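# Structural overview for review
The residues making up each chain are set out below.
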Amino acid sequence: MEDLQVYFVDVLLPLHLPGTYTYRVPQELNGQVKVGARVVVQFGAKNARMYSALVRRIHQEAPHWRSKYIIGVLDEEPIVTECQMELWEWMARYYMCCPGDVMACALPAGLKLASESAVTIHPEFTGELSSLSKHERQVVDLLSEHPVMRVVDISRAIGVQKIMPLIRGMIEREIVVMDEELKERFRPRKSAYVMLAACFQDEASQKALFDELEKKKRVKQVEVLMQFMQLSKFGKEVVPKRVLPQGSALQTLIKNGVLTVEERVESRLKDYSDAELTDPSSIVLNDEQQQAYNLLRGDGTFLLHGVTSSGKTEVYIKLIDEVVRSGKQALFLLPEIALTAQIINRLRKYFGDKVGVYHSRFSMSERTEVWQRTLAGNYQVLLGARSAVFLPFKDLALVIVDEEHDNSYKQYEPAPRYHARDAALYLARLWGARTVLGSATPSVESFYNAQTGKYGLATLTKRYGGFTLPKVTCVDMKEAFRQGQVKGHFSSTLLQAIGEALEQKQQVILFQNRRGFSLRLECDDCHEVPHCIHCDVSLVYHKATGSLRCHYCGYSIPVPSECPACHSSHLKMTGVGTERIEEDLQIMFPEARVARMDLDSTLQKNQYMELINDFEQRKIDILVGTQMVTKGLDFEHVSVVGIVNADNIINYPSFRSYEHAFQQMTQVSGRAGRHGTGGQVILQTYNPHHQVIENVMKADYQALYEEQIQERRVFLYPPFYRLIEITLKHRDAEVLNAAADWMAAQLRSVFAARVLGPEYPLVSRIRGLYLKTITLRFEKNEPVSDAKRVIWQIGDDLAKQEGWSGVNVIYDVDPA
Ligand code: ADP
Ligand code: ZN
Ligand code: ZN
């Protein structure tokens, strides 16, 4: 029966807007609209733009104004679940942003089609037109003339109003792609396949071929051909070229037209359905692990505090196995994509194609594909970096946050500025799932929660296999210099340890927390240091590109040959970065294979994985890197870890600096001697008696924690207080100052002494905008949702003041 009722939908748009918007459902679409599915709506001035919006609610309450009709329906079934939307809404409230900001962050770009989206022909589109509709052909024709077009322009050109469902269909069938994909330097993965030439398909000609080759004594060719025949079921199937013996015989067979080669595109997501699996019950836990495991099987939230290489991952695998067996889902979060490579392999070994991987380094179509497969319930184990909390889970029973202390869990830019560990805790609460936070160096907050009984605490005190923690040797660089025992940036202690490791065919990791070659170029005569023209920071010298670069905005200039201020030619370089360490090492150890892992060397999608793979396979002897090398990687043959400059790490201005320094140094130390005794760490410093260094040397987390918790209590920091940091930005310093003073005064009139500032942050200008911050702190047990509303209101009022509408106000709740 026809449904003649009048329906309305409240929809969420992926835009920085405060709430939902109400649209009317045209009668013919009654019954086709579902909560959590996308519809197309017009929004904005003169309704010029179309967006995919998400249906949040369907109802019959006519709004007081005349609402617009939705234009079309994109999904027959929901693509976002109720639980996800609840998470988004919590996130918007808690982190003080708009639900649309969260939606824009949570949905993979492939699901955010809008009229402004640019599309282009899919690089793998065959050109086959026969299966296309008339309109689809028109789109293809248009795009072959104008390779990149906005959806709205296509709609105009071919005169189709309801263009988005059409484009969506074409994206799904890989006829077109959204242009963003190309910006990610989309390259289809291709590999070569070999097949038998058509003229040798019958038995007779095959026999003749072999006879001839044998007569001519082409033994190698016969060998290769035999192997090919076997693998290809006598020429009936194609064979990957890489599995055949590479060499001139194969080349000749190809050249003579016996075999032909074809490049084929492989699916983006590898197929693991045939992989041979290991049964997780074959893992035998040691006593400590078993005790931890027993505890972690209970309900609630737990902290697993286990020293580096104690086998936390093995315990996770057991926990995941239990969940998988019961038909439910587990989420495994890692702070950094660099780490996923190893863990993927470890998890796939046990769970095969039940494992789905999701992170921002994936291309848009990969992410969309994983999203849709998750929605279809294809995965039971979801592994990913922070954005994986946004996946459409079906039945989540376990959440693991590995390396829970890690800063990379916090998203800085743009909103939502969320902490994925905390979001994961909320997500787990929505599902009633158990949560395990794991770390060798827990965050002060989590350890405090474990101490006060909010979390259960499981502890692993020993490395697995009876191996000892590496010995940490501290080198007093002042003393070393005095004794003439320093060469470049290396003490002879460190050089000797590296030399010995190389001799014993072991590997070395060197940690330097700054990238680039030297950190500053300074005039010896007038002490001028070249600065960024957009930011309040000095430029960093990058030798590889011969440039001075700003690490905040990317501004870059060629290295000047003389001082821009006094024209002196005495320019000296101060401070060292990874590039310099890499180069110096190569000179001192010419035989060693040295590589570098930092932001500059891992810009491309797979470079991380390649570096890690090469290091794993011992194609690299010394790996130099920034904090990327400090994290939970498990390499077998690393015997020496060097911390080139510990003081740099400690002297970072933040209330967390000691905590972070301890974590980074302990973590990087933990890469040494994991599968053998005798790992050692050489830590170079000018402050050998610094308390953090002493804690690192003794591997004394407890001492670090006691000191930190004491300071946090005295100086009113988390976990006793909750911080909200407000940053104001504007091009004009005077406007900014006035606005910041006004806002601080308004806040003080409500929150009094809880307001600190405004003040200039460490870097007070970025990308041409001046910055000021105001910090608020609230007692932890005080509810802050009302306070947040008041703060938000004051921010809104600020924008309404004469001349201040351009002041950008940014909220950061629980700043890292
Ligand atoms: P963590 O995550 O605590 O740093 P890992 O889980 O990487 O430590 O364990 C360190 C090494 O010890 C890994 O190579 C792991 O395979 C091995 N290992 C740990 N526990 C076991 C176990 N119960 N059985 C076999 N190997 C184990
Ligand atoms: Zn000068
Ligand atoms: Zn800059």
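Residues numbered from 1 in each chain as written. Chains lettered and ligands numbered in written order. Predicted model: local features only at pLDDT ≥ 70, side-chain atom pairs only at ≥ 80, totals over all residues. Heavy atoms only, no water.

## Quick word on the overall build of the chain
Test applied: Note on conventions: DSSP H or I runs of at least 4 residues are helices, E runs of at least 2 residues are strands, and numbering of each starts at the N terminus. Buried, partly exposed and exposed residues are distinguished by accessible area as a fraction of the type maximum, computed with a 1.4 Å probe on protein chains only: under 20%, between the cut-offs, and over 50%, respectively. Residue contacts follow a heavy-atom distance rule, with two residues in contact if any of their heavy atoms lie within 4.5 Å. For the accessible areas, the method is Shrake-Rupley and the probe is 1.4 Å, while residue cover comes only from the protein chains on display. Counted as positive: Lys and Arg. Counted as negative: Asp and Glu. His and the chain ends are not counted at all. Think of each charge as sitting on NZ of Lys, CZ of Arg, CG of Asp or CD of Glu.
Along the backbone of the chain there are 25 helices and 36 strands. In terms of principal-axis extent, the alpha carbons of the chain reach across some 85 × 80 × 70 Å. Within the chain, the proportion of its 816 residues that are buried is 54%. Contacts in the chain between residues at least 24 apart in sequence constitute 75% of all its contacts with a sequence separation of at least 6. Approximately 37,300 Å² of the chain is accessible, and the part contributed by carbon and sulfur atoms is 49%. Charged side chains in the chain number 96 positive and 100 negative. The centres of these two groups are separated by 1 Å.

## Quick look at the pattern of salt bridges
Condition: Salt bridge criterion: a side-chain nitrogen from Lys or Arg within 4 Å of a carboxyl oxygen from Asp or Glu.
With the rule as written, the count across this model stands at 42 salt bridges. Across the pair Glu582 and Arg596 runs a salt bridge whose closest N-O atoms are separated by 2.8 Å. Here Glu582 is found in helix 18 (residues 578-588), whereas its partner Arg596 is found in strand 28 (residues 594-597), with 14 residues between them in sequence. Just as Glu582 is buried, Arg596 falls in that class too. Arg712 serves as the salt-bridge partner of Glu659, at 2.5 Å between the closest nitrogen and oxygen.

## Quick notes on the coordination of the zinc ion (ligand 3)
Spelled out, the test is: Donor atoms are limited to N, O and S found within 2.8 Å of the metal ion, a distance that becomes 3.2 Å for Na, K and Ca. With water left out, some sites might look partial. Donor angles set the geometry label: tetrahedral for four donors if every angle is between 85 and 135 degrees, square planar for four and octahedral for six if opposite donors exceed 155 degrees and the others are between 65 and 115, irregular for anything else.
All of the protein donors around the zinc ion (ligand 3) are Cys532 (SG), Cys535 (SG), Cys550 (SG) and Cys553 (SG); their distances to the metal are 2.2 to 2.4 Å. Coordination at the zinc ion (ligand 3) is tetrahedral, judged from the four donor atoms that bind it and the angles of 105 to 112 degrees they form at the metal. Between the donor residues of the zinc ion (ligand 3), the gaps in sequence give the motif C-x2-C-x14-C-x2-C. Within this pair, whereas Cys535 is found in the loop between strand 23 (518-523) and strand 24 (540-542), its partner Cys553 is found in the loop between strand 25 (547-549) and strand 26 (556-558), the two being separated by 18 residues in sequence.

## Regarding the site of ligand 1
Applied cut-off: Throughout, near means a residue has at least one heavy atom within 4 Å of the molecule or strand. Pairs of N or O atoms within 3.5 Å make up the polar contacts considered here, provided that, within protein, one atom can donate a hydrogen while the other can accept it, and that residues adjacent in sequence are counted only when both atoms are side-chain atoms. Classes in brief: Ala, Val, Leu, Ile, Met, Phe, Trp, Tyr, Cys and Pro nonpolar; Asp, Glu, Lys and Arg charged; the others, Gly included, polar.
The environment of ligand 1 is formed by 17 residues, the closest being Val284, Gln289, Ser309, Lys312 and Asp634. At 2.9 Å from an oxygen atom of ligand 1 is found a side-chain nitrogen or oxygen belonging to Asp634. Take Arg674: an N or O atom from its side chain is 3.0 Å from an oxygen atom of ligand 1. Computed on the free molecule, ligand 1 has an accessible area of 550 Å², of which 83% lies beneath the protein chains in the complex. The residue inventory of the shell around ligand 1, partitioned by class, reads five nonpolar, seven polar and five charged.

## Quick word on the sheet that holds strand 12 (residues 301-306)
Rules: What makes two strands pair is DSSP finding at least two bridges between them. Note on geometry: axes are lines fitted to C-alpha atoms, helical ones only across the stretch in contact, with angles between N-to-C directions running from 0 to 180 degrees.
Reading across the sheet, the seven strands line up as 14-15-13-16-17-12-18 and stay open at both edges, with parallel pairing between neighbours. Each edge of the open sheet is held by one strand with a lone partner, namely strand 14 (355-358) and strand 18 (456-460). When strand polarity is set aside, the average angle formed by the axes of neighbouring strands in this sheet is 20 degrees. Two elements, strand 14 and strand 15 (residues 381-384), share four bridges in a ladder whose sense is parallel. Considered in strand 15, the bridge of Val355 is made with Val381. In the packing of helix 15 (residues 444-451) onto the sheet, contacts are made with strand 12, strand 17 (434-439) and strand 18, and the angle to strand 12 comes to roughly 115 degrees.

## Points about helix 5 (residues 163-172)
Every α-helix winds through 3.6 residues per turn, so residues three or four apart in the chain are directed the same way. Among the residues of helix 5, Ile163, Met164, Leu166, Ile167, Gly169 and Met170 are the ones counted as buried. Those residues of helix 5 hidden inside the fold are in contact with strand 3 (38-43), strand 4 (49-59), strand 6 (118-121), helix 3 (134-145), helix 4 (151-158) and strand 8 (176-178). Once helix 5 finishes, Glu174 follows within two positions and takes phi at roughly 60 degrees, a positive value.

## Considering the coordination of the zinc ion (ligand 2)
Bound to the zinc ion (ligand 2) on the protein side are Cys523 (SG), Cys526 (SG), Cys563 (SG) and Cys566 (SG), at distances that span 2.2 to 2.4 Å. Coordination geometry of the zinc ion (ligand 2): the four donor atoms subtend angles of 104 to 113 degrees at the metal centre, consistent with an arrangement described as tetrahedral. Each donor residue of the zinc ion (ligand 2) belongs to the same chain, and together they define the spacing C-x2-C-x36-C-x2-C. Taken together, the residues span a long stretch of sequence, with Cys526 in the loop between strand 23 and strand 24 and Cys563 in the loop between strand 26 and strand 27 (571-576) at a distance of 37 residues. A relative accessible area of 35% places Cys526 in the partly exposed class.

## Some thoughts on the packing of helix 4 against helix 5
Going by this rule: An angle counts as roughly parallel when it lies under 35 degrees, as roughly antiparallel when it exceeds 145, as roughly perpendicular when it falls between 65 and 115, and as oblique in every other case. Crossing chirality is assigned from the near helix's rotation relative to the far helix, an anticlockwise turn below a right angle marking it left-handed and a clockwise turn marking it right-handed.
Relative to each other, helix 4 and helix 5 sit at 115 degrees, their axes nearing to 10 Å. It follows from the interaxial angle that helix 4 and helix 5 lie roughly perpendicular. Here helix 4 and helix 5 pass one another in a crossing that is right-handed. Between helix 4, through Val151, Ile154, Ser155 and Ile158, and helix 5, the contact on the second element is made entirely by Ile163, Met164, Leu166 and Ile167. Grouping the amino acids of the contact of helix 4 with helix 5 by side-chain chemistry returns seven nonpolar, one polar and no charged.

## Regarding unusual backbone geometry
Here the bond from Ala415 into Pro416 is cis, since omega is 0 degrees, no more than 30 degrees from zero. Within the fold, Pro416 resides in the loop between strand 16 (396-402) and helix 14 (420-431). For the bond running from Gly757 to Pro758, omega is 5 degrees, close enough to zero to count as cis. Along the polypeptide, Pro758 turns up in strand 33 (residues 755-759). Of note, Glu403 is a non-glycine position whose phi angle comes to about 50 degrees, a positive value. Examined against the element boundaries, Glu403 turns out to sit in the loop between strand 16 and helix 14. A positive phi is found at Leu716, a non-glycine position, where the angle reads about 60 degrees.

The analysis is restricted to geometry; functional conclusions fall outside its scope.
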